[in-house]
Amino acid sequence: MGEPGESRRGPLKSAVPSNVVSPVRRCSRTACGRPAVATLTYVYADSTAVLGPLATYAEPHCYDLCAEHSERLTAPRGWEVVRLALESGPARPSGDDLEALANAVREAARPQERAAGAGGGPSGGSDSQPMEVARRGHLRVLRSPDS
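Naming follows an unreviewed UniProt entry, where the chain appears as DUF3499 domain-containing protein of Streptomyces piniterrae.

Structure representation (structure tokens):
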């Protein structure tokens with residue numbers, strides 16, 4: 001036959017390309033290579049197909065669909081299709097997110113003031129600071145200094 005690694009049809013090629021796999025998730029439909037924009041999940045107990053925004057992680061029992069296949073989706077007879085609003089673009093930070101981030105940066109920049117105010121007795125400079133009323137996880141409820 002000739003050189004090793006050659007066949008009658010030509011040089012042997014790997015079935016899997018050696019280049020790195022694309023980080024873009026593709027449509028789960030057979031022979032469709034378009035980028036996925038939505039995730040389809042079946043809720044068998046309720047006979048419901050839920051089509052929503054692209055999930056953060058690929059799950060084994062969910063199906064990623066491109067725009068065309070998500071628009072043309074139909075369900076079996078007797079099933080309901082629930083279409084959740086798809087995001088039209090990348091998620092943008094809201095005003096609340098930006099304000100929370102700015103407050104966290106301000107708080108991190110002044111740890112000495114907070115420590116000095118905590119040990120300064122009843123007045124201790126805390127009259128102008130908001131007072132923490134409750135905490136749940138990483139969120140805090142603050143009482144306004146005016147109230």
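Enquirer: For this particular structure, what's the right way to read the layout of surface pockets?
Expert: If a probe as big as a water molecule is rolled over the atoms, it shows which places are left empty. Its boundaries defined by the atoms lining it, the second largest pocket holds a volume of some 160 Å³. For the second largest pocket, the full set of lining residues is Ser-28, Arg-29, Leu-40, Tyr-42, Tyr-63, Leu-65, His-69, Arg-72, Leu-73 and Thr-74. Looking at the lining of the second largest pocket, the elements with two or more residues in it are strand S3 (38-43) and strand S5 (62-65). For the lining of the second largest pocket, the residue count by class is five nonpolar, three polar and two charged.

Enquirer: Which parts of the structure should I look at to understand the packing of aromatic side chains?
Expert: For any pair of aromatic rings, the description consists of the separation of the ring centres together with the inter-plane angle of the planes. Within the structure shown, the criterion is met by four aromatic pairs. Aromatic side chains Tyr-42 and Trp-79 sit 5.9 Å apart centroid to centroid with 85° between the ring planes, which places their arrangement in the edge-to-face category. Linking Tyr-42 in strand S3 with Trp-79 in the loop between helix H1 (67-71) and strand S6 (80-83), this pair joins segments that are 37 residues apart in sequence. The partly exposed category is assigned to Tyr-42, whose relative accessible area is 28%. A relative accessible area of 25% places Trp-79 in the partly exposed class. Judged by centre distance (5.8 Å) and plane angle (85°), the ring pair of Tyr-44 and Trp-79 falls under edge-to-face. One end of the pair, Tyr-44, is in the loop between S3 and strand S4 (48-53); the other, Trp-79, is in the loop between H1 and S6, with 35 residues separating them in the sequence.

Reading the values: the criteria
Residues numbered from 1 in each chain as written. Predicted model: local features only at pLDDT ≥ 70, side-chain atom pairs only at ≥ 80, totals over all residues. Heavy atoms only, no water. 1 Å grid on protein atoms, 1.4 Å probe; cavity = no way out; pocket = protein on both sides within 12 Å on 5 of 7 lines; lining within 4 Å. Points joined across faces, edges and corners; volume = space filled by probe spheres on them. Helix = DSSP H or I, 4+ residues; strand = E, 2+ residues; numbered from the N terminus. Nonpolar A, V, L, I, M, F, W, Y, C, P; charged D, E, K, R; others polar. Phe/Tyr/Trp six-rings, centres within 6.5 Å; stacked < 30°, edge-to-face > 60°. Buried < 20%, exposed > 50% of the residue type's maximum accessible area, 1.4 Å probe, protein only.

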